[in-house]
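# Reading the structure
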Amino acid sequence: MTLSLPSAATDVPTRDRFLDAIRALAIVAVVVQHWTMPVLSYDDGQLATGNAFTTPGWWVVTWLSQVMPLVFFAGGAANYLSLGRASSSTAWLSSRLRRLLLPLLPLLAVWLAVPTALRLFGVAEQPVAVAGSIAAQLLWFLGVYLLTILVTPVLEHAHRRWRWAVPLALTAAATLVDIARFDGVPYIGYLNAGFVWFAVHQLGFFYADGTLRSLSRRTALAASAVGFGGTAVLVAFGPYATSMIGMPGAAMSNMSPPAVVLVPLAVGQLGLVLALRPALDSWAQRPAVAPALNWLGARFMSVYLWHMPALIVLTGITVLGFGFATPEPGTVSWLVTLPGWLLSAAVLLWAVLRAVTRFETTTPRAASASPARLVVAAVLGATGTLALAATGFAATPWPWAALLVLAYALTQTRAPSLRNRRHTPSRRAGVSCSTARRNGSPSSGSASAHAATARNWVA
């Protein structure tokens, strides 16, 4: 099977401000939600942790604040566009894997040492375990996204050939998984970490190729109504929870593992933001806003990885150190203290970002590893991050951290020798010219190399 990839000469925008706005708003929503949720108190060596969103009626907020569908949608659109501009699918995958894995290394270096350091300073074991778990639990996203990146070239080919049948098939597979999950095979539900998020990621392709960009505001709002309506029906008559984030003590979670109810939720959210696209696009292009979006977009993964450690530090200082206890959520005291809590966490995160963002903003080398090495790197990276998310840093993190370091090492290659560099251009030129003669049309060397590598990738 051959893989048809977008030509490097395809006329695609180099910057989509709407996608910038979606990514920025999504990461801000993630951070604010995670900093708002904790209900904390400390007594006799035990850190009590609750969730503010268990307050009756607050579940409705999660239908908008659970923004992972928007994250995967924006990622799908960005991946489609960047893959189209890449010289080959292998080079694209190599660059993407390095950009995802490199920011993870300083987190590993710090959190492999933190639990031991906390124990040496006399912190009780239970708060240490909670801290290690919280610092690692959000790595599930990175694990799933690594697998999504790995299959993107194949999904892109499927999109060009079968269009809407692809997300529909993925949604149907997710539905079958849920049926088995609720029929006594609970662990099969984790297959939906692929089916559900691949389906949402696939919707981003329809934005990137112009299909969703051509929707009228009325059509987008209609799609939003259908999506949220479908979500409501599944919640009302199916086995799904009303909250779109995991709740302590709940009979089931729509997120862990992901449930098919997240697909209509994604449609509802996407219809809403597409209806607001002109306003968001205009806002994102303002001189005061665009630089902030650029700054945040270049640090998306660092913000995601470090906002929970910032919360842990704040908790250690205020709750364990000064005996602060979260007021009852929704009360006047809670509303009064919340802005100071968020601002304090933001200051701590800002201080951390000054030290770690260089690992994300550094431009990776152009050299790429072989497809086989990249597949192994992606699988090892996904295994390591998902295992850490499940077990935390306070248990036995060393084997999983070693997998992640190995995964990053596999993406690194030696620079080609001077002799190889001297001969490479002529070979590429020959391929380009011969391909152009066969097609009877001009063709760039990068586009020919892209197609050739794509054929090797899935042959």
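Quantities reported herein were computed from a predicted structural model and do not represent experimental measurements.

## Some words on the confidence of the model for the protein chain
Taken as a whole, the protein chain shows an average pLDDT of 87; of its residues, 85% reach a score of 70 or greater. Every residue in residues 1-13 scores below 50 in pLDDT, and together they form 36 contacts with partners more than four places removed in sequence or on other chains. Per-residue pLDDT stays below 50 along residues 415-459; that stretch engages in 47 contacts with residues further than four places along the chain or on separate chains.

## Here we look at helix H12 (residues 262-275)
With 14 residues, H12 extends 20 Å from end C-alpha to end C-alpha; this agrees with the ideal 20 Å at 1.5 Å per step. For H12, a buried count of 12 out of 14 residues is recorded, marking the element as mostly surrounded by other parts of the structure.

## A closer look at helix H9 (residues 165-181)
Helix length check: H9 (17 residues) gives 24 Å between terminal C-alpha atoms against 24 Å at 1.5 Å per residue, within 8%. Regarding H9, the residues found buried are Val166, Pro167, Leu170, Ala173, Ala174, Val177, Asp178 and Arg181. Each buried residue of H9 sits inside an arc of 140° when the element is viewed along its axis, so together they form one side. Turned more than 90 degrees away from the buried face of H9 sit Leu168, Leu176 and Ile179, all of them exposed. The inward-facing, buried residues of H9 abut helix H8 (139-162) and helix H10 (192-208).

## Thoughts on the pairing of strand E2 (residues 46-51)
Where strand E1 (residues 38-43) lies against E2, six bridges are found, and the strand directions are antiparallel. Residue Asp43 lies in a different strand from E2, and its bridge partner there is Gln46.

Cut-offs and rules
- Residues numbered from 1 in each chain as written.
- Predicted model: local features only at pLDDT ≥ 70, side-chain atom pairs only at ≥ 80, totals over all residues.
- Heavy atoms only, no water.
- pLDDT = per-residue confidence, 0-100.
- Contact = heavy atoms within 4.5 Å.
- Helix = DSSP H or I, 4+ residues; strand = E, 2+ residues; numbered from the N terminus.
- Expected span 1.5 Å × (residues − 1).
- Buried < 20%, exposed > 50% of the residue type's maximum accessible area, 1.4 Å probe, protein only.
- Arc of directions from axis to C-beta.
- Pairing = 2+ DSSP bridges.

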